[in-house]
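Residue-level structural notes
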Amino acid sequence: MIIAALRTPVCRAGGALKALQAHELLAPVLRRLLSDSGVARDQVTDVVAGNAVGGGGNVARLAALEAGLGVGVPGLTVDRQCGSGLDAIVLASRLVASGPGFGGAGVYLAGGVESISTAPLRARPGADGEPQFFSRAQFAPSSFGDPDMGVAAENVAVRYGITRQRQDEFALRSHRRALDAATAGTFDAETVTLPGPDGPRARDDGPRRSLTPALLARFPAAFVAGGTVTAGNSCFDADGAAVVVITSLARARRLGARDGLLVLGTDTAGVEPALLGMGAAAAAERLLADSGVAATDLGLVEFNEAFASQTLACLDHLGIDPERANLDGGALALGHAYGASGAVLVTRLLAQSRREPVDGRLALAMISIAGGMGTAALLEYRSFG
């Protein structure tokens, strides 16, 4: 049962949060979660945090100590690239469900963090012993094809017939929804204020009010000559963190929780690496089928908008009207903080569920992952009132 969820502002890499390392983004969220949820530090069983491009080590443990949780609280860092934040929550939910002796009925702080601004440079020794720098890890053997993310998004657009017009319209809708939500104060309660170079930072900096259909139409193809995927209908790299408190239903009641999201099921699936953007659809399709849930049964849907092309292709495949997804905008407007993005989805779903509480409403979080994978989680809003 997810009983609390918070996130930092999601800000462009090299921007407002550029001075904060990953553990410095994560620790304030951990502290606020304990305060808001009423969970005592010594009640925390473990901190599970996703991280994709950090410097190694164990950022979950480092952040737990930075947050003042005490030396007795361990930490575990998960790396499933873009899916890391959601997979950390999935892992914690399975630990809760595992029973006594295996972590069951514990209280977990689970989510993800990414500081792309402070991520270390990557290099391997060259033949002459000098460092050879590279921009990203290899995600699939060359025999499978290992395209960059933008090229893979173009592959999806071509394979599934996602037009430039649809991509641009979806991107514009994401920005406008995010702007409307920010203006209405929708994000305020879920966001932890952080220090920034120009003072405290409490708001996302990605949504663009100046974006128009005419401006989007002027963007050239960004990854493949003559293609349809542009900087305007793609996400941008961002810094941020998001964490949830997850425990058993019985423990949630003892902690005094009023409501939350019950984890009904999760799944992770693999797909062709060249079409990696379809991983979320494969995972969600199997999860919904195994759970006996139709797309029309879903009340809320949050999908990580790395690219408009793959978001639309996945939603089309699942039979989900894009109008029903990402009600307050998504990563096209807010940015993609790799290891944190999956946890941001769950944070948004809890906030949306509480905004219009309906007992039994089903919610779906899903994210596609480099290397040709995807993770999905099916949740249900429950009130204890």
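All figures in this text were calculated on a predicted structure; none of them were measured in a lab.

This brings us to the pairing of strand E4 (residues 75–78). The pairing of strand E3 (residues 44–50) with E4 spans 4 bridges and is classified as parallel. By the bridge assignment for E4, Val 47 is matched with Gly 75. Once the chain exits E3 it traverses helix H2 (residues 59–66) before rejoining the sheet at E4, and the crossover so formed is right-handed.

A few words on the nonpolar core. The biggest cluster of nonpolar side chains holds 40 residues, and the ones touching the most others in it are Leu 26, Leu 30, Val 47, Leu 69, Leu 109 and Val 245. Secondary-structure elements contributing two or more residues to this core are strand E1 (2–7), helix H1 (22–37), E3, H2, strand E5 (107–114) and strand E8 (238–246). Examining the composition of this core, we find that 8 residues originate from one element, H1, more than from any other. Sequence-distant contacts of Val 245, defined by excluding residues within four places in its chain, comprise Met 1, Ile 2, Ile 3, Ala 4, Leu 33, Ser 37, Val 39, Val 107, Tyr 108 and Leu 109. Core analysis: the next-biggest nonpolar cluster, separate from the first, contains 33 residues, Ala 157, Leu 287, Ala 313 and Ala 376 among them.

Here the structure, examined in full by the defined rule, presents 0 disulfides. Cys 11 takes part in no disulfide bond, and the closest cysteine sulfur, belonging to Cys 235, lies 15 Å away. Free of any disulfide, Cys 82 has its nearest cysteine sulfur in Cys 235, 8.0 Å distant. Residue classification places Cys 82 among the buried positions, given a relative accessible area of 14%.

Turning our eyes to something else, we now look at the side chain of Thr 230. By the secondary structure assignment, Thr 230 is in the loop between helix H6 (213–218) and E8. Residue classification places Thr 230 among the buried positions, given a relative accessible area of 0%. Once you skip the residues sitting within four places of it in the chain, Thr 230 turns out to touch Arg 164, Asp 168, Phe 219, Pro 220, Ala 221 and Ala 222.

Next up on the list: the side chain of Ser 341. Residue position: Ser 341 is located in helix H11 (residues 338–355). By relative accessible area, which is 5% here, Ser 341 ends up buried. Within the structure, the side chain of Ser 341 is placed 2.7 Å from the side chain of His 336, a separation counted as a polar contact. Not counting residues up to four positions away in its chain, the partners in contact with Ser 341 are Asn 304, His 336 and Ile 367.

In this section: the packing of aromatic side chains. In this structure the tally under the stated criterion is 1 aromatic pair. Where Phe 223 meets Phe 307, the ring centres are 6.0 Å apart and the plane angle is 80°; that geometry is what we call edge-to-face. Highlighted residues: Phe 223 in the loop between H6 and E8 and Phe 307 in the loop between strand E10 (298–303) and helix H9 (308–318), separated in sequence by 84 residues. Directly above the aromatic system of Phe 187 lies the positively charged group of Arg 7, at a separation of 5.0 Å from the ring centroid. Between the NZ or CZ atom of Arg 12 and the centre of the ring of Phe 236, over which it lies, the distance is 3.9 Å.

Here helix H4 (residues 149–160) is 12 residues long and its end C-alpha atoms lie 16 Å apart, about the 16 Å a rise of 1.5 Å per residue gives. Those residues of H4 that sit buried are Gly 150, Ala 152, Ala 153, Glu 154, Val 156 and Ala 157. Note on H4: the residue one or two positions beyond its end, Gly 161, has a positive phi of about 65°.

Moving on, we get to unusual backbone geometry. In this structure, Gln 81 takes a positive phi of about 50° despite not being glycine. With respect to the secondary-structure elements, Gln 81 resides in the loop between E4 and helix H3 (84–97). Unlike most non-glycine residues, Asn 326 shows phi in positive territory, near 50°. As for its position among the elements, Asn 326 is in the loop between H9 and helix H10 (331–334). You can call Asn 326 buried: its relative accessible area is 2%.

Let's shift gears to the pairing of E8. Counting buried positions over the 9 residues of E8 gives 9, a clear majority of the element. With 5 bridges joining them, E1 and E8 adopt antiparallel strand pairing. Within the sheet, the bridge partner assigned to Leu 6 lies in E8 and is Val 243. Note that strand E2 (residues 11–12) and E8 share 2 bridges and pair antiparallel. When the bridges of E8 are listed, Arg 12 appears paired with Ala 238. Sheet analysis places E5 next to E8, joined by 7 bridges and oriented antiparallel. From the neighbouring strand, Gly 111 faces E8, where its bridge partner is Val 243.

Conventions we followed
- Residues numbered from 1 in each chain as written.
- Predicted model: local features only at pLDDT ≥ 70, side-chain atom pairs only at ≥ 80, totals over all residues.
- Heavy atoms only, no water.
- Pairing = 2+ DSSP bridges.
- Helix = DSSP H or I, 4+ residues; strand = E, 2+ residues; numbered from the N terminus.
- Right-handed = clockwise from strand over helix to strand, strands pointing away.
- Core = buried A, V, L, I, M, F, W, Y, C linked by side-chain atoms within 4.5 Å.
- Buried < 20%, exposed > 50% of the residue type's maximum accessible area, 1.4 Å probe, protein only.
- Contact = heavy atoms within 4.5 Å.
- Disulfide = S-S within 2.5 Å.
- Polar contact = N/O pair within 3.5 Å; in protein donor to acceptor, adjacent residues only side chain to side chain.
- Phe/Tyr/Trp six-rings, centres within 6.5 Å; stacked < 30°, edge-to-face > 60°.
- Lys NZ or Arg CZ within 6 Å of the ring centre and 35° of its normal.
- Expected span 1.5 Å × (residues − 1).

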